[in-house]
Amino acid sequence: MSEAALKVLKEVFGHAGFRGAQADIVQHVAGGGDALVLMPTGGGKSLCYQVPALLRSGTAVVVSPLIALMQDQVAAMTQLGVRAAFLNSTLDLEQVREVERSLLDGTLDLLYVAPERLNTPRCLDLLSHIRPALFAIDEAHCVAQWGHDFRPEYLQLSVLHERFPDVPRIALTATADPATRDEIIDRLALHDARVFVSSFDRPNIRYTIVDKDDARKQLLRFIRTEHPDDAGIVYCLSRKKVDETAEWLVAQGLKALPYHAGMDAATRAAHQARFQREEGLIVVATIAFGMGIDKPDVRFVAHLDLPRSIEGYYQETGRAGRDGGAADAWMAYGLADVVQQRRFIDQSEGSEAFRRISGSKLDALLGLCETAQCRRVHLLAYFGEEGAPCGNCDNCLSPPETWDASVASQKALSAIYRTGQRFGAGHLIDVLRGKDGERIRQWAHDQLSVYGIGKAEDEHHWRSVFRQLVALGLARVDHESYGALVLTEAARPVLRGERTVMMRRIPERTKEAARRTRSPSPVSMEGVDANLLAALKAWRLEEARTQSVPAYVILHDSTLVELARQRPDDLEGLADIPGFGARKVERYGDALVELLGGFGG
Ligand code: ADP
Ligand code: ZN
C-alpha cells in the first residue's frame, strides 16, 4: 500500500488502516484503473473513492441518486477539511453558479452530482473544461432495469466513458447478486474494470427471528430491554399498519414517526430528515423507506411482517449498524404472515413464471425462519458464501431443540383432512384441543375422530406445528377458500407413517436466558464512564445544533466511546483516537481536552 494513501487515511479521516479490500481498491483507482466494488452496507465503500479523490489531481465527481443526503455528505467532508460541494435540484441558480465557479477554479476535491443533472449538456460541457480526477458511480445497481431501485437516468451514465475515456471510473453497490453485477458491467461499459467482491457478512448484526405471539408487545419488550434510547427502523407491510404501529409506540412513550408512500412528499422528507439528524428516533415504515438512509448509527431493524425474499430481508436489515457497532435485526414471524404472503403471490397480476419465482423466494425465506442452524450461515449460503456458526444469532446463542413431530404432524394433517380442507389454523386447533363452541357444533366437528386428540398440548404448540407444516410444504394455504389449509402431495407419506418430520422448538428457559446475556459487542463499554459519555454526547449535540448538521457528522458514537475510555489529556493523545483527522483535532481538540480534564479521574 502506498505511503501517500495511508497518510491521507490517517491525517484526513483519522483511521489507522484500511479495511478489507479498501487498500487494493484505493491503489487501483488512484492508479487510474476502473473498478466495480461490491461491498455490503457499512463495509466502507465511501473511502474507496474519497481517498483516491484526494490522491489524484483535479475534482472527483460522485454520481449519487440520494439527493436528500448530499448536503450531509458535503457537511461530513467539510468537517474533515475536504473541499466538497454538490449539484442537484435543491440549489437555486446563484448557488449553482457558485459551485460551477469553484469547479472551474479548481478549488474542489469532491463534487456530488445527481445523475439527471450530470446528463445535461451544461454539466457535461462544464466537466470537459476541467479534468475530473475520477468518476464514482454510487448505488450502481440503480442501472439494473429489473431491480427495485431502477433509475432511467443511470442508463445514460455510459456517456461518461464515451466523453472521458481516460478518467477512471469506480462503480459501487451493496447489491450482491450476479445478475445485477453483470448488468452494471454491461450498461456502464465496465468490461475492463477490476471487480472487487467483499464478503457480505455483517458480523456486528445479531439476527433473531421469534415466533409471533402478540407482535406489538414483543416488539415493545425488545425495544425496551435492548434498545431503550436507540435509533431504529420498524418495517410493516401496509400503510395502515405503519400508521397504527407508530401511533401505538408513541402512546407507549417512545419517539416514533411513520413513513410510507401514501404520505405527502413534504411530510415524508421531513420524517426522513428527522431520523437522519435526531438521536434515538424510531421510524415505522413500509419498504418505501429504503435507499436514502445513510444513518450510520441505526441500532436495530425490526420486522413486524415477513418480507418477500431473503434479498429484501438482507437489504432492510443491512441498514442497521453501518458504523460497525453492535446492532440487532429482529423479526416476529407467524403462520398468518405466510398466509398473507402466499395470498399476495396468488393474487398478483404477474405471469405464471413470476409467481413461481416469488413462491420459491418466499420458500427460501421460510427456510431461514424455520432453520435450527446458524442464521448467518444460512443467509450467507443463500448468497453463495460459506461460513462457520457465528455465535451472534438467536440459534447460536440458544440452540433450538429439534423434536420428532411425526405424530403431531399426523394429528394436524388429519384434522385438516377430516374437516374437509376448508378451515384455517384457528379452527383446526380448536378441533384438536377439543374445544366446545358454536362453530364446532355447527359443523359437528365434535363428532370427528380427531376431536380432542391434541388436548395434551397448548394452543401455542399447535400454532407452531401448523406454521411449520406450511413452511415445510406439507400443507398449504388455499386462497380460493379464504385461507383454509389444504394438504399437499408431500403430506401423504407423513400420514401413512412413512416419513419422519422434525420440527424446531425454543425452550422457554433459554429464551429468557438469551435475552439477558448480550454477547460482547464489537464496541465494548468496558472502562467507559457512563456520565462522561453522556457529557460528550451532550457536547456533540450542542455542536451539531449550532452547525445544523447531524450529530454523527461531528464525531461518531464509537469515537466518543473511545474518548471516554482513553481520556487523552492533550491534542497528541486525541489524534490517536480513531475518527480524529487533523482537521477535527484542530477544530474540537481544545474543547474536548478541557471537557475530559474537567471530569475528574
Ligand atoms: P458503506 O457506504 O459501504 O455503507 P461507509 O463508507 O458509510 O459504508 O462506511 C461505514 C462506516 O465505516 C463509516 O462509519 C466509516 O467511517 C467506517 N469506516 C470505513 N472504512 C474504515 C476504516 N478503514 N477504518 C475505520 N473506519 C472505517
Ligand atoms: Zn449464528
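Keep in mind it's a predicted model, so treat the numbers as computed, not measured.

Draft legend 1. Structural context of the overall build of the chain. When you go through the chain residue by residue, the secondary structure sums to 29 helices and 17 strands. Taken over C-alpha atoms, the radius of gyration comes to 27 Å for the chain, in line with the 25 Å a tight globule of 601 residues would show. Residue burial in the chain is summarised as follows: out of 601 residues, 52% are buried. Across the chain, the fraction of contacts at a sequence separation of at least 24, relative to all contacts at a separation of at least 6, is 73%.

Draft legend 2. Looking closely at a negative patch on the surface. On the surface, Asp-569, Asp-570, Glu-572 and Asp-576 cluster together into a patch of negative charge. Residue position: Asp-570 is located in the loop between α27 (557–566) and α28 (571–575). Judged by its relative accessible area of 37%, Asp-570 is partly exposed.

Draft legend 3. Spotlight on the coordination of the zinc ion (ligand 2). Coordination of the zinc ion (ligand 2) by the protein involves Cys-374 (SG), Cys-390 (SG), Cys-393 (SG) and Cys-396 (SG), with metal-donor separations of 2.3 to 2.4 Å. Around the zinc ion (ligand 2) sit four donor atoms; with metal-centred angles ranging over 101 to 119°, the donor geometry is tetrahedral. Counting the intervening residues between successive donors of the zinc ion (ligand 2) yields the motif C-x15-C-x2-C-x2-C. Judged by relative accessible area, Cys-390 falls into the partly exposed class, the value being 25%. For Cys-393, a relative accessible area of 0% translates into the label buried.

Draft legend 4. Geometry of the sheet that holds strand β4 (residues 110–113). With parallel pairing, seven strands are arranged side by side in an open sheet as β3-β4-β2-β5-β6-β1-β7. Two strands bound the open sheet, and with one partner strand each, they are β3 (84–87) and β7 (194–197). Here the average twist between neighbouring strands, direction ignored, is 15°. Of the strand pairs in this sheet, strand β5 (residues 134–137) and strand β6 (residues 169–173) are connected by three bridges, and their pairing is parallel. From the neighbouring strand, Ile-137 faces β6, where its bridge partner is Ala-171. In the packing of helix α3 (residues 45–55) onto the sheet, contacts are made with β1 (35–38), β2 (60–63), β4, β5 and β6, and the angle to β6 comes to roughly 165°.

Draft legend 5. Just the environment of Phe-289, in detail. With respect to the helices and strands, Phe-289 occurs in the loop between β11 (282–285) and β12 (300–303). When the C-alpha atoms of Phe-289 and Tyr-382 are compared, they prove to be 24 Å apart, with 93 residues separating the residues in sequence. Among all residues touching Phe-289, those that are not within four sequence positions of it are Ile-233, Tyr-235, Tyr-259, Gln-272, Phe-275, Val-283 and Arg-319.

Draft legend 6. The arrangement of the domain arrangement of the chain in detail. For the chain, the assigned domains are domain 1 (3–197), domain 2 (205–353 + 375–390), domain 3 (402–505) and domain 4 (530–597). Between the C-alpha centres of domain 3 and domain 4 the distance comes to 60 Å.

Draft legend 7. Fine view of the pairing of β1. On β1, burial covers both faces: Ala-35 and Val-37 on one face and Leu-36 and Leu-38 on the other are all buried. Across four bridges, β1 lies against β7 in parallel orientation. Bridging across to β7, Leu-36 finds its partner in Val-195.

Draft legend 8. Here's a closer look at the nonpolar core. Formed by 140 residues in total, the largest nonpolar core has its most connected members in Ile-170 and Phe-466. In this view, Phe-466 contacts Leu-335, Ala-412, Ile-416, Ala-425, Leu-428, Ile-429, Leu-432 and Leu-485; residues no more than four positions away in its chain are not counted. Formed by 24 residues, the second largest nonpolar core is a distinct cluster that contains Ala-544, Leu-560, Ile-577 and Phe-580.

Draft legend 9. View of the site of ligand 1. Taken together, 15 residues lie around ligand 1, and Gly-42, Lys-45, Ser-46, Arg-322 and His-556 are the ones closest in. Between ligand 1 and Arg-19 there is a distance of 3.1 Å, counted from an oxygen atom to a side-chain nitrogen or oxygen. Here an oxygen atom of ligand 1 and a side-chain polar atom of Lys-45 are 2.8 Å apart. Surface burial for ligand 1 is 82%, taken as the share of its 570 Å² of free accessible area covered by protein chains.

Draft legend 10. View of the pairing of β2. Of the two faces of β2, both are covered, the one formed by Ala-60 and Val-62 as well as the one formed by Val-61 and Val-63. Across four bridges, β2 lies against β4 in parallel orientation. Bridging from a neighbouring strand, Val-63 pairs with Val-113 of β4. Two strands pair when backbone bridges link them, and β2 and β5 are joined in this way by four bridges, in the parallel orientation. Residue pairing for β5: Val-61 is matched across the bridge by Phe-135.

Draft legend 11. Expanded view of the packing of aromatic side chains. In total, this model carries eleven aromatic pairs according to the counting rule given. On the basis of an interplanar angle of 55° and a centroid distance of 5.4 Å, the ring pair of Phe-135 and Phe-164 is categorised as tilted. Of this pair, Phe-135 sits in strand β5 while Phe-164 sits in the loop between α9 (158–163) and β6, and the two are 29 residues apart along the sequence. Taken as a pair, Phe-135 and Phe-164 share a single burial class, namely buried. An aromatic cluster of at least three residues, connected via ring pairs, comprises Tyr-207, Tyr-313, Tyr-314, Tyr-382 and Phe-383. Sitting over the face of the ring of Phe-275, Lys-295 holds its NZ or CZ atom 5.6 Å from the ring centroid.

Draft legend 12. Examining the sheet that holds strand β13 (residues 327–333) more closely. A sheet is described by the order of its strands in space; here six strands give the open sequence β8-β13-β12-β9-β11-β10, paired in parallel fashion. Strands at the two margins of the open sheet, each flanked by one partner only, are β8 (205–211) and β10 (256–259). With direction set aside, neighbouring strand axes in the sheet form an average angle of 15°. Alignment of β12 against β13, held across four bridges, turns out to be parallel. Along β13, the bridge assignment pairs Val-301 with Ala-329. Sheet contacts for helix α13 (residues 265–277): β9 (232–235), β10 and β11; angle to β10, the most-contacted strand, approximately 140°.

How each quantity is defined
- Per chain, the residues get numbers from 1 upward, laid out in the order the sequence is written.
- Chains and ligands are labelled sequentially in the order written, the chains with letters from A and the ligands with numbers from 1.
- It should be noted that, the model being predicted, local features are given only for residues of pLDDT at least 70 and side-chain atom pairs only at 80 or more, the latter also being counted only at that level, while totals for whole chains, interfaces and linings use all residues.
- Excluded from the side-chain calculations are hydrogens and water; all other atoms, namely the structure's heavy atoms, are used.
- Where helices and strands are cited, they refer to DSSP runs of H or I of at least four residues and of E of at least two residues respectively, numbered from the N terminus.
- Here the radius of gyration uses the C-alpha set of atoms, whereas the globule reference equals 2.2 Å times the residue count to the power 0.38.
- The cut-offs for exposure are 20% and 50% of the maximum accessible area for each residue type, with area from a 1.4 Å probe on protein chains only; residues under the lower value are buried, those over the upper are exposed, and the others partly exposed.
- Contacts were defined at the residue level, with two residues in contact if any of their heavy atoms lie within 4.5 Å.
- Only residues whose relative accessible area exceeds 30% and that form no salt bridge are eligible for patches; like-charged ones are grouped when within 9 Å, while nonpolar side chains (Val, Leu, Ile, Met, Phe, Trp, Tyr) are grouped when within 5 Å.
- Per-residue and other accessible areas follow the Shrake-Rupley method at a 1.4 Å probe size, with only the shown protein chains counted as cover for residues.
- Whenever a carboxyl oxygen of Asp or Glu lies within 4 Å of a side-chain nitrogen of Lys or Arg, that contact is scored as a salt bridge.
- His is not counted here, nor are the chain ends, while Lys and Arg score as positive and Asp and Glu score as negative.
- One atom stands in for each charge, and that atom is NZ of Lys, CZ of Arg, CG of Asp or CD of Glu.
- Atoms are scored as donors when they are N, O or S and lie within 2.8 Å of the metal, with 3.2 Å used for Na, K and Ca; no water is included, so coordination may look incomplete.
- For four-coordinate sites, all angles between 85 and 135 degrees define a tetrahedron; for four- and six-coordinate sites, opposite donors beyond 155 degrees with the remaining angles between 65 and 115 define square planar and octahedral shapes respectively, and all other cases count as irregular.
- Two strands are said to pair when DSSP picks up at least two bridges between them.
- Axis lines are fitted to C-alpha atoms, over the contacting stretch for helices. Their N-to-C directions set the angle, which ranges from 0 to 180 degrees.
- Residue ranges for the domains trace back to a domain assignment, done automatically or taken from a database.
- In these notes, a set of buried Ala, Val, Leu, Ile, Met, Phe, Trp, Tyr and Cys residues joined through side-chain atoms within 4.5 Å is what counts as a nonpolar core.
- For each residue, the test is whether any non-hydrogen atom lies within 4 Å of the molecule or strand; if one does, the residue is near.
- In the analysis that follows, any N or O atom pair within 3.5 Å is treated as a polar contact, provided that within protein one partner can donate a hydrogen and the other can accept it, and provided that, for residues neighboring in sequence, both atoms belong to side chains.
- Each Phe, Tyr or Trp ring, with Trp reduced to its six-membered ring, pairs with another whose centre is within 6.5 Å; inter-plane angles below 30 degrees give stacked pairs, above 60 give edge-to-face pairs, and intermediate values give tilted ones.
- Two conditions define a charge sitting above a ring: the NZ of Lys or the CZ of Arg must be within 6 Å of the ring centre, and it must be within 35 degrees of the ring normal.

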